[in-house]
Amino acid sequence: EPEVTQTPSHQVTQMGQEVILRCVPISNHLYFYWYRQILGQKVEFLVSFYNNEISEKSEIFDDQFSVERPDGSNFTLKIRSTKLEDSAMYFCASSEVWNTEAFFGQGTRLTVV
Amino acid sequence: GIQVEQSPPDLILQEGANSTLRCNFSDSVNNLQWFHQNPWGQLINLFYIPSGTKQNGRLSATTVATERYSLLYISSSQTTDSGVYFCAARAPMNRDDKIIFGKGTRLHILP
């Protein structure tokens, strides 16, 4: 069964460093998303991406964040200068068409020290 | 945007018991999903159920869109069912494409 895959599963980084979280969405899907979950809290929307551009972003997704689809298969989330409060589980998701079932990856646990 | 409320926030049951988890949403939705977050933090798709009833083994879900709620039933609970159950919804027919998650129900199944 096709699935969304994320790498790495766990990343530890020093405050102020740049990190890139990687995702491979399901191959025929057109809509891509990033979500995050701070430990013990709810899953929050960060950004949606379609047709090589951001279609929507939340207030969390400030200038420190960027997304890119560098080739036909990968979808990345970059955090330019990490802060302690960026420590969270980051989930990538994809859906085939707009407003249909979204499939989530297994997550990347980011720890900023 | 829509609000998604889940109840109860916590539920402790003995193995073998049945449970019902509820999800209320503030507006009509076009898209309703249930997820299980396992102890390793992974989000597992359980059901995509904008309306009607679906069953998968010991789990079933019902969404009554006109009354703005969805229910997840777990029968004959096992310890592996422990974790957090989230429902998530999307509003219909607007530019808002984001899924809104509820705060989840934390389920503990005791052996």
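Before going into details, it helps to say that this report is about the structure given with it. If you're wondering where the values come from, they're calculated on a predicted model, not measured in any experiment.

Rules of the game
Residue positions are given per chain, counted from 1 along the sequence in the order it is written. For this description, chains carry letters from A and ligands carry numbers from 1, given in the order in which they are written. With the structure being a predicted model, the display of local features is reserved for residues of pLDDT at least 70 and the display and counting of side-chain atom pairs for 80 or more, all residues being used for whole-chain, interface and lining totals. Hydrogens and water are ignored here; the side-chain numbers use all heavy atoms of the structure. Counting from the N terminus, the helices are DSSP H or I runs at least four residues long and the strands are E runs at least two residues long. The contact criterion used is simple: two residues touch if any of their non-hydrogen atoms lie within 4.5 Å. Salt bridge criterion: a side-chain nitrogen from Lys or Arg within 4 Å of a carboxyl oxygen from Asp or Glu. Within 3.5 Å is the distance limit for a polar contact, defined as a pair of N or O atoms, with the added protein rule that one can donate a hydrogen and the other accept it, and that residues adjacent in sequence qualify only through two side-chain atoms. Three classes are used, and their members are as follows: Ala, Val, Leu, Ile, Met, Phe, Trp, Tyr, Cys and Pro are nonpolar, Asp, Glu, Lys and Arg are charged, and the others, Gly among them, are polar. What counts as a ring pair is set by centres within 6.5 Å for rings of Phe, Tyr and Trp (its six-membered ring), and what kind of pair is set by the plane angle: stacked under 30 degrees, edge-to-face over 60, tilted for all other angles. Only lysine NZ and arginine CZ atoms are considered, and such an atom sits over a ring when it is within 6 Å of the ring centre and within 35 degrees of the ring normal. Sulfur atoms of two cysteines make up a disulfide when they are within 2.5 Å. Per-residue accessibility, obtained with a 1.4 Å probe over protein chains only, is compared with the maximum for each type, and a residue is labelled buried under 20%, exposed over 50%, and partly exposed between these values. When DSSP finds two or more bridges between two strands, those strands count as paired. In this description, a line fitted to the C-alpha atoms serves as the axis of each element, helices being fitted only across the stretch in contact, and the angle between N-to-C directions of two axes falls anywhere from 0 to 180 degrees.

What follows concerns the environment of B:Ile12. Residues and elements named next belong to chain B. Tracing the chain through its elements places Ile 12 in strand β2 (residues 10-14). On a C-alpha basis, the gap between Ile 12 and Arg 106 in space is 8.4 Å, while along the polypeptide they are 94 residues apart. If we skip the residues at most four places from it in the chain, Ile 12 touches His 108 and Leu 110.

Attention shifts here to the interface of chain A and chain B. The parts lose accessible area when they come together, and the size of an interface is often stated as this lost area. The interface is formed by 21 residues belonging to chain A together with 25 residues belonging to chain B. Joining chain A to chain B, the criterion identifies one salt bridge. Between A:Glu56 and B:Lys98 there is a salt bridge whose closest N-O contact spans 2.7 Å. Our count for the chain A to chain B interface comes out at ten residue pairs in polar contact (both at pLDDT 80 or more). The leading source of residues in the side of chain A that touches chain B is strand β4 (residues 31-37) of chain A, at four residues. Class assignment of the residues belonging to the side of chain A that touches chain B gives a composition of eleven nonpolar, six polar and four charged.

So, about the packing of aromatic side chains. Evaluation of the coordinates by the stated rule reveals 14 aromatic pairs over all chains. A centroid spacing of 6.5 Å and a plane angle of 50° characterise the contact between A:Tyr33 and A:Tyr35, whose relative ring orientation is tilted. Each residue in the set A:Tyr33, A:Tyr35, A:Phe45, A:Phe91, A:Phe104, B:Phe35, B:Phe86 and B:Phe101 is aromatic and connected to the rest through ring pairs, giving one cluster. One Lys or Arg, B:Arg22, reaches over the ring of B:Tyr69 and ends 4.3 Å from the middle of that ring.

What is meant by a disulfide is a covalent connection between two cysteines, made through their sulfur atoms. For the structure on display, the rule yields two disulfides over all chains. Across the disulfide from A:Cys23 sits A:Cys92; the S-S distance is 1.9 Å. Handedness here is read from the sign of the S-S torsion; for A:Cys23 and A:Cys92, about -65°, the answer is left-handed. Placement of the pair is A:Cys23 in strand β3 (residues 19-24) and A:Cys92 in strand β9 (residues 88-95), with a sequence separation of 69 residues. We note that A:Cys23, like A:Cys92, is buried. A sulfur-sulfur separation of 1.9 Å characterises the disulfide bridge that pairs B:Cys23 with B:Cys87. One disulfide, between B:Cys23 and B:Cys87, carries an S-S torsion of 60° and so falls in the right-handed class. On the criterion of sequence distance, the pair formed by B:Cys23 in strand β3 (residues 19-25) and B:Cys87 in strand β9 (residues 83-90) is long-range, its members being 64 residues apart. Both residues of the pair, B:Cys23 and B:Cys87, belong to the buried class.

The subject of this paragraph is the sheet that holds strand β8 (residues 75-79) of chain A. Residue and element names in this part refer to chain A. If you trace the four strands from one edge of the open sheet to the other, you get β1-β3-β8-β7, paired in antiparallel fashion. Each end of this open sheet is capped by a strand with a single partner; those strands are β1 (5-7) and β7 (65-68). Here the strands of the sheet are splayed against their neighbours by 20° on average, with no regard to which way each runs. Judged from the five bridges that link them, β3 and β8 form a sheet pairing that is antiparallel. Paired with Arg 22 across the two strands is Thr 76, which belongs to β8.

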